Amino acid sequence: MDEPSHEGTNIEGESPRVEQTVETEEVTITDDAELERTLGLSGGLAIGIGTMIGAGIFVFPGLAAGQAGPAAAASFAIGAVVALLVALPASELATAMPKSGGGYYFISRGLGTLAGAVVGLSLWFGLVFATAFYLVGFGYYAVDTLAELGVAVGEGLVIPLALLFGAAFTVLNVTGTENAAKLQNGIVALLLSILVVFLGYGGLDAAGLVGEPTAPEQFAPFGAVPVMTTAALVFTSYLGFAQVATVAGEMKDPGRNLPLAMVGSVLIVGVLYVATIFVATSAFGSEQLAGFGETAMVEVGRHYLGAVGAFAIVFGGLLATMSSANASVLSTSRAIYAVSKDALLPRGASRINLRYGTPHVALGMAGGPILVLTATGRVELLAEVASFLHLIMYGLICVALIALRRDEPEWYDPDFRVPGYPIVPAIGAVASFALIGFMQPTSQLVGVGIMIATAGWYFYYARDVDLKGAL
Amino acid sequence: MTRILVPLAVLEGESVSAGLTALLEPMYVTVLGYHVLPEQTPPDQARDQYGERATDALEDLATEFGAAEGTADYRLVFTHDREQTFDRIAAETRSEVYAIPGATGPIDRLLVALTGDVAVERIVSFVGELVGDREIGVTLFLATDDEPAGRELLETAAVPLAARGIDVGTELAADRPPLEALVDAAVDHDAVVMGERAPSLLTLVFGEDAERVAAESVGPVLVVRNVDEVDEDPDQDPDDRTANTEES
């Protein structure tokens, strides 16, 4: 089989390390070793859901309801549709190229090195922004947990706690060798159970309360535009499915499990998000919800189930934001590895240390910037820039799919083909780019700035590297 | 010829003793060099850095087992899950036996455990094939509560070995914890051969019997795998499976 051709060197004389591999359901066979695929469908779903759920359910409801009213549910639904439109093409590409690096890999092979470099390096920063956002969310829940336990420390401790745990995650990922994947699966299962009980109860209650005191609120009190801007803001809740693609190289039976994990996790969290907003806005007016801020869900829990509900949500929020942060630290280090392997970053970035067998350089390159951004504490900016950089990648994933399909190279042989080609990827691309248009100008500026910087890096460092597949 | 899988954590410096190499000399050996990675590390990343070093070590090991005569090969696997890798490679290579390498000098006497629900005939026939016409003595060992039946089993099992001219002894441990008795008996022997048993709750808590025996007795342990697992045909293209085995 003809793999894409690769040549050229970066400024340090390193060239991409690409070799022929044979992919089977259980293993990737390279010329000198076998790489076991150890992640099953549940592991893939746990990464996707575990990354997404923390943001969408535990951090955004208050903020979103404040901006769009009960129509925030529509904002989440719009996000789910966009995510789905991208998850389908991404699944096809992932089954054709089940390699570490996910979106970056597809784009560099489908559209060439410049697009690849911009996306690959932007993905690094996008994940860094996302992780910082999860950590700040975690900080709010940590403070609320202390408050529930009777220790009122005030919001001044949100950022210090977020920083402390951000540093701890980075250190643990460098030194920890025990397998946390099983733990992650357990946490996600626990979270889903908490949410199903809570949403089930809240949903029944809300339906039974029709006509009760909470003044019947207009669905979209601020009109349609805030629904769209809110959709752009909360899109951070859907970033996790692409994280699944970053571990594509380790997924068992990728032809089946990758599409199921990506599409499945988007569907599951999408339904949960919409239900959460419905339940939350039924409990309180949206203005009141907005007043509760990042941890509005705790008050919703208290409203329906009293102290037990509040405690369950606080505990769930703590776990969910932690698992989001941890999963994205891991994805960041894999994203860095993918670009460094292709000589777009110095090779040293993918070094593994002998003592723990962990990629300490890449983890440091993730953890350092994460802490700096966490220190800013600007939840909405962090979320939007993360979404901006991811949406660029999502749009280009759709474009790459169309480019590959128009003139299919010999090596292109996906197990899963996107239904409704070319409409689905075309709408996916347009929708991804359009959503960016609804973001705050500051976020757009930061996002564009990062992309220009990554393009500049490409021209300085790796102009001669050629990654484009034989199209 | 029976194929024996010898899994070695090569990058952690695990190796085989001269005694084990000599013992396995007449058999077909696949050395499985493996490296277990924490989930933070993509297997590919580790291969980039360590693949060459591991391959060098494995080539040497395979040569010791007779790669030049075509009776040994090696596989190198980077994995997050050791058990999954062992099972896959054992099934793909159709290895009926795997070895836990321990420390030992020249092997003069084997302890063969027939305790419990194991495939006695397969174990005995493997031992006969392994020893061949070499000067290696065999002790058949059984721990049981039913002494007369146990003695009969041991004697029946000894017949084919004695017929091959092998020096066979028997040892019966009655009313004792089987594993403890086995470890005690292993003191006077250089290596242990035992059967693989279906995993139970106890094995989940304490680890597999064979690994516990290996840890306590220090010497090598050869484990005869469950036959139905060996027969299981992995539904894969044989070309994919053997991509690596023709090297060296």
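Residues numbered from 1 in each chain as written. Chains lettered and ligands numbered in written order. Predicted model: local features only at pLDDT ≥ 70, side-chain atom pairs only at ≥ 80, totals over all residues.

## Re the overall build of chain A
- When helices and strands are counted, chain A shows 15 helices and three strands.
- Here the C-alpha atoms of chain A give a radius of gyration of 22 Å, agreeing with the 23 Å that 2.2 N^0.38 yields for 471 residues.
- With the principal axes as the frame, chain A shows a C-alpha extent of 70 × 50 × 40 Å.
- The proportion of buried residues among the 471 residues of chain A is 60%.
- When contacts within chain A are restricted to residue pairs at least 6 apart in sequence, those whose partners lie at least 24 apart make up 83%. (Helix = DSSP H or I, 4+ residues; strand = E, 2+ residues; numbered from the N terminus. Rg over C-alpha atoms; globule rule 2.2 N^0.38 Å. Buried ≥ 20, exposed ≤ 12 C-beta atoms within 10 Å, placed from the backbone. Contact = placed C-beta atoms within 7 Å.)

## Topic: the interface of chain A and chain B
- Taken together, the contact pairs 32 residues of chain A with 29 residues of chain B.
- Listing elements by their share of the side of chain A that touches chain B, those giving two or more residues are strand S3 (34-36) and helix H11 (296-341) of chain A.
- Looking at the side of chain A that touches chain B, the element that brings in the most residues is H11 of chain A, giving four residues.
- Considering only residue class, the side of chain A that touches chain B consists of twelve nonpolar, 13 polar and seven charged. (Nonpolar A, V, L, I, M, F, W, Y, C, P; charged D, E, K, R; others polar.)

## Quick look at helix H12 (residues 360-376) of chain A
Residue and element names in this part refer to chain A.
- With 17 residues, H12 should reach 24 Å at 1.5 Å per residue; the first-to-last C-alpha distance of 25 Å fits that figure.
- Those residues of H12 lying buried are His-360, Val-361, Ala-362, Leu-363, Met-365, Ala-366, Gly-367, Ile-370, Leu-373 and Thr-374.
- A positive backbone phi angle near 65 degrees is found at Gly-377, which sits one or two residues after H12. (Expected span 1.5 Å × (residues − 1).)

## What about the domain arrangement of chain B?
Residues and elements named next belong to chain B.
- Annotation of chain B at the domain level lists domain 1 (3-96) and domain 2 (109-229).
- Placing the centre of domain 1 and that of domain 2 at their C-alpha centroids yields a distance of 25 Å.
- Of the residues lining the interface, eight residues belong to domain 1; the matching set on domain 2 comes to eight residues.
- A per-element tally of the side of domain 1 that touches domain 2 places helix H1 (residues 18-24) first, with three residues. (Domains from an automatic or database assignment.)

## Regarding the nonpolar core
- Within the largest apolar cluster, 169 residues are counted, with the highest numbers of intra-cluster contacts made by Phe-129, Phe-133 and Ile-397 of chain A.
- The element contributing the most residues to this core is helix H4 (residues 113-148) of chain A, with 22 residues.
- If sequence neighbours within four positions are ignored, Ile-397 of chain A has contacts with Val-86, Pro-89, Ala-90, Leu-93, Gly-103, Phe-106 and Ile-107 of chain A.
- Met-27, Ala-113, Val-127 and Val-131 of chain B belong to the second-largest nonpolar core, a separate cluster that totals 77 residues. (Core = buried A, V, L, I, M, F, W, Y, C linked by C-beta atoms within 7 Å.)

## Some thoughts on the confidence of the model for chain A
- The share of residues in chain A with pLDDT of 70 or more is 95%, and the mean pLDDT across the chain is 88.
- Ignoring residues within four places in sequence, the model shows residues 1-5 of chain A, a span with pLDDT below 50, making 13 contacts including any to other chains. (pLDDT = per-residue confidence, 0-100.)

## A closer look at helix H2 (residues 43-64) of chain B
Residues and elements named next belong to chain B.
- Given a rise of 1.5 Å per residue, 22 residues ought to cover 32 Å, yet the end C-alpha atoms of H2 are separated by just 27 Å, more than 12% below that figure.
- The sharpest bend along H2 comes to roughly 60 degrees, located at Tyr-50.
- Positive phi shows up at Gly-66, right after H2, with a value of about 105 degrees. (Bend = angle between axes of the 7 residues up to and from the residue.)

## Observations regarding the pairing of strand S5 (residues 109-113) of chain B
Residues and elements named next belong to chain B.
- Extensive coverage of S5 is indicated by the burial of four of its five residues.
- Bridge analysis of S5 against strand S6 (residues 137-144) gives five bridges, and the strand direction is parallel. Bridge pairing in S6 places Leu-111 opposite Thr-139.
- Read from S5 through helix H4 (residues 120-131) to S6, the crossover connection turns out right-handed.
- Sheet topology note: the S5/strand S8 (residues 191-195) ladder contains three bridges and is parallel. What sits directly across from Leu-110, in S8, is Ala-191. (Pairing = 2+ DSSP bridges. Right-handed = clockwise from strand over helix to strand, strands pointing away.)

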